[in-house]
Amino acid sequence: EVAAGRAAGGAGARSTSVCQAAWTKSSLNVMAKSGGKGVNLKDKLEGNELDLSLCDLNEVPAKELAGLPKATILDLSCNNLTTLPSDFCSLTHLVKLDLSKNQLQQLPLDFGRLVNLQHLDLLNNRLVTLPVSFAQLKNLKWLDLKDNPLDPTLAKVAGDCLDEKQCKQAAARVLLYMKSIQSELDRERQRKLQAERELEKKREAEQRAKEAQERELRKREKAEEKERRRREYDALKAAKQEVDQHRMKEKGENPKLSVSHLSKQPQNKRSWSGILLKMLLFLLLSALSTLAVCKVTELQHKPVCISVNRFYEDALTVLQSHRLIRNVLQLNSQQ
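### Structural notes on the state of the cysteines
Part 1 of the argument: A full pass over the atoms with the stated rule returns one disulfide.
Part 2 of the argument: The side chain of Cys-161 participates in a disulfide bridge whose partner is Cys-167; the two sulfur atoms lie 1.5 Å from each other. Residues Cys-161 and Cys-167 share a disulfide whose torsion about the S-S bond is about 95°; that sign makes it right-handed. Assigned by exposure class, Cys-161 and Cys-167 land together as buried.

Here's what the structure looks like:
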């Protein structure tokens with residue numbers, strides 16, 4: 001293992017020196033081909049592989065790369081890249097990506113959009129952590145994070161990448177680790193959302209209680225105002241009655257007696273008229289009953305009935321004479 005490490009270290013040093021030595025010649029060739037205006041991407045494309053290593057790039061031409069969906073293998077090693085643009089993550093056609101030997105301090109937050117990525121080389125950069133979206137690289141099978149100032153926990157999870165087996169294990173372990181971080185962040189986000197929902201419910205309950213209290217207060221104030229107006233009305237009414245009584249006293253009248261006297265007069269009149277009417281009806285019924293007894297029964301030969309019958313016949317004679325006189329008067333008036 002020590003020998004293998006020394007051999008790998010020597011190979012890395014030689015690779016760095018070769019990278020640095022070849023940079024001047026490659027850059028001169030690229031600049032000469034493009035007329036000093038920059039890198040011509042189509043000239044660098046061979047099959048499905050686009051080699052932009054050793055081009056002294058400070059920025060990644062993401063828009064131009066998006067126009068080459070055929071380039072599924074992209075080599076950006078040995079440049080001066082410190083960041084990747086946000087639209088770099090739209091290059092979802094990438095399968096293999098080499099970003100080794102740059103100065104990258106972080107990856108874009110949505111780096112996980114590169115879902116087709118299977119091979120990722122991040123050797124010798126300045127990375128400390130990886131974005132949470134890294135867990136979405138479900139097709140990643142090979143990963144190299146050596147020679148980065150990684151967080152100790154992440155460095156321990158990644159381990160070495162000295163051969164194909166170790167690099168594949170690093171990819172699997174890092175993906176699992178980032179998925180656990182993502183799950184924990186999701187749970188924390190859910191807890192925060194739950195806390196915010198509960199806080200919102202509490203605020204709504206407090207608001208409803210406050211509104212109910214305000215309604216109750218308005219209702220009580222309205223009732224008190226109504227009671228106050230009623231007392232004022234009663235007081236005004238009592239004062240008015242007192243004034244009226246005072247005026248009537250000044251005129252020498254007793255208001256209670258006058259009112260009761262006025263109210264009793266029609267009642268007395270009605271009571272006396274009713275009594276008289278009843279007496280007349282009673283007398284009339286008595287007379288008719290007596291007449292009927294004296295006319296129909298065997299008592300008609302009694303002295304009392306004889307007087308009653310005689311009085312009845314005299315009365316009929318008088319009524320008939322009055323009727324005869326009225327008829328004569330009517331005839332005279334017609335003539």
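Next comes the rest of the write-up.
### Some thoughts on the packing of aromatic side chains
Part 1 of the argument: In total, this model carries one aromatic pair according to the counting rule given.
Part 2 of the argument: Ring centres of Phe-111 and Phe-134 lie 6.2 Å apart, and the angle between their planes is 5°; this geometry places the pair in the stacked category. With Phe-111 in the loop between strand 4 (96–98) and strand 5 (119–121) and Phe-134 in the loop between strand 5 and strand 6 (142–144), this residue pair connects regions lying 23 residues apart in the sequence.

### Considerations on the confidence of the model for the chain
Part 1 of the argument: Mean pLDDT over the chain works out to 80, with 78% of the residues at or above the 70 mark.
Part 2 of the argument: Below a pLDDT of 50 lies the segment residues 1–37, which in the model reaches 21 contacts outside its immediate sequence neighbourhood of four places, other chains included.

### A short note on helix 5 (residues 164–250)
Part 1 of the argument: Between its terminal C-alpha atoms helix 5 stretches 127 Å, which fits the 129 Å expected from 87 residues at 1.5 Å a residue.
Part 2 of the argument: For helix 5, the set of buried residues is Cys-167, Ala-170, Ala-171, Val-174, Leu-175 and Met-178.
Part 3 of the argument: On its buried face, helix 5 sits against strand 6 and helix 4 (152–158).
Part 4 of the argument: Within two residues after helix 5, Gly-252 carries a phi angle of roughly 85°, on the positive side.

### Thoughts on the environment of His-119
Part 1 of the argument: Position of His-119 among the secondary structure elements: in strand 5.
Part 2 of the argument: Note: C-alpha distance between His-119 and Ala-171 (52 residues apart in sequence) is 8.9 Å.
Part 3 of the argument: Ignoring any residue separated from it by four or fewer positions in sequence, one finds His-119 in contact with Val-95, Lys-96, Leu-97, Leu-140 and Trp-142.

### Quick word on unusual backbone geometry
Part 1 of the argument: The backbone of Asn-124 sits at a positive phi, close to 60°, despite the residue not being glycine.
Part 2 of the argument: Inspection of the secondary structure assignment puts Asn-124 in the loop between strand 5 and strand 6.
Part 3 of the argument: Since its relative accessible area comes to 32%, Asn-124 is described here as partly exposed.
Part 4 of the argument: Positive phi values are uncommon outside glycine, yet Asp-147 reaches one of about 60°.

### As for the environment of Thr-129
Part 1 of the argument: Residue placement: Thr-129 occurs in the loop between strand 5 and strand 6.
Part 2 of the argument: C-alpha separation for the pair Thr-129 and Leu-150, spaced 21 residues apart in sequence, amounts to 6.1 Å.
Part 3 of the argument: Discounting residues that sit within four places of it in the chain, Thr-129 has contacts with Asp-151 and Leu-154.

### A short note on the pattern of salt bridges
In a structure, side chains of opposite charge can pair up when their charged atoms sit close to one another.
Part 1 of the argument: For the structure shown, the criterion picks out 13 salt bridges.
Part 2 of the argument: For Asp-110, the salt bridge is made with Arg-113, and the minimal N-O distance between the two is 3.4 Å.
Part 3 of the argument: Given a relative accessible area of 27%, Asp-110 falls into the partly exposed group.
Part 4 of the argument: As a salt-bridge pair, Arg-187 and Glu-184 come within 2.7 Å of each other at their nearest N and O atoms. One end of the pair, Arg-187, and the other, Glu-184, are both in helix 5, three residues apart, so they sit about a helical turn from each other.
Part 5 of the argument: Several salt bridges share partner residues, and in doing so they unite Glu-184, Arg-187, Glu-188 and Arg-191 into one network.

### Structural notes on the sheet that holds strand 4
Part 1 of the argument: The strand order 1-2-3-4-5-6 describes an open sheet built from six strands, whose pairing is mixed. Only two strands of the sheet have a single partner each, and these edge strands are strand 1 (45–46) and strand 6.
Part 2 of the argument: With three bridges connecting them, strand 5 and strand 6 associate as parallel partners. By the bridge assignment, Asp-121 is partnered in strand 6 with Asp-144.

### With respect to the environment of Leu-154
Part 1 of the argument: Along the chain, Leu-154 falls in helix 4.
Part 2 of the argument: Since its relative accessible area comes to 3%, Leu-154 is described here as buried.
Part 3 of the argument: Among residues more than four places away in sequence, those in contact with Leu-154 are Val-128, Thr-129, Leu-130, Val-174 and Tyr-177.

Definitions and limits used
Residues numbered from 1 in each chain as written. Predicted model: local features only at pLDDT ≥ 70, side-chain atom pairs only at ≥ 80, totals over all residues. Heavy atoms only, no water. Disulfide = S-S within 2.5 Å. Buried < 20%, exposed > 50% of the residue type's maximum accessible area, 1.4 Å probe, protein only. Phe/Tyr/Trp six-rings, centres within 6.5 Å; stacked < 30°, edge-to-face > 60°. Helix = DSSP H or I, 4+ residues; strand = E, 2+ residues; numbered from the N terminus. pLDDT = per-residue confidence, 0-100. Contact = heavy atoms within 4.5 Å. Expected span 1.5 Å × (residues − 1). Salt bridge = Lys/Arg side-chain N within 4 Å of Asp/Glu carboxyl O. Pairing = 2+ DSSP bridges.

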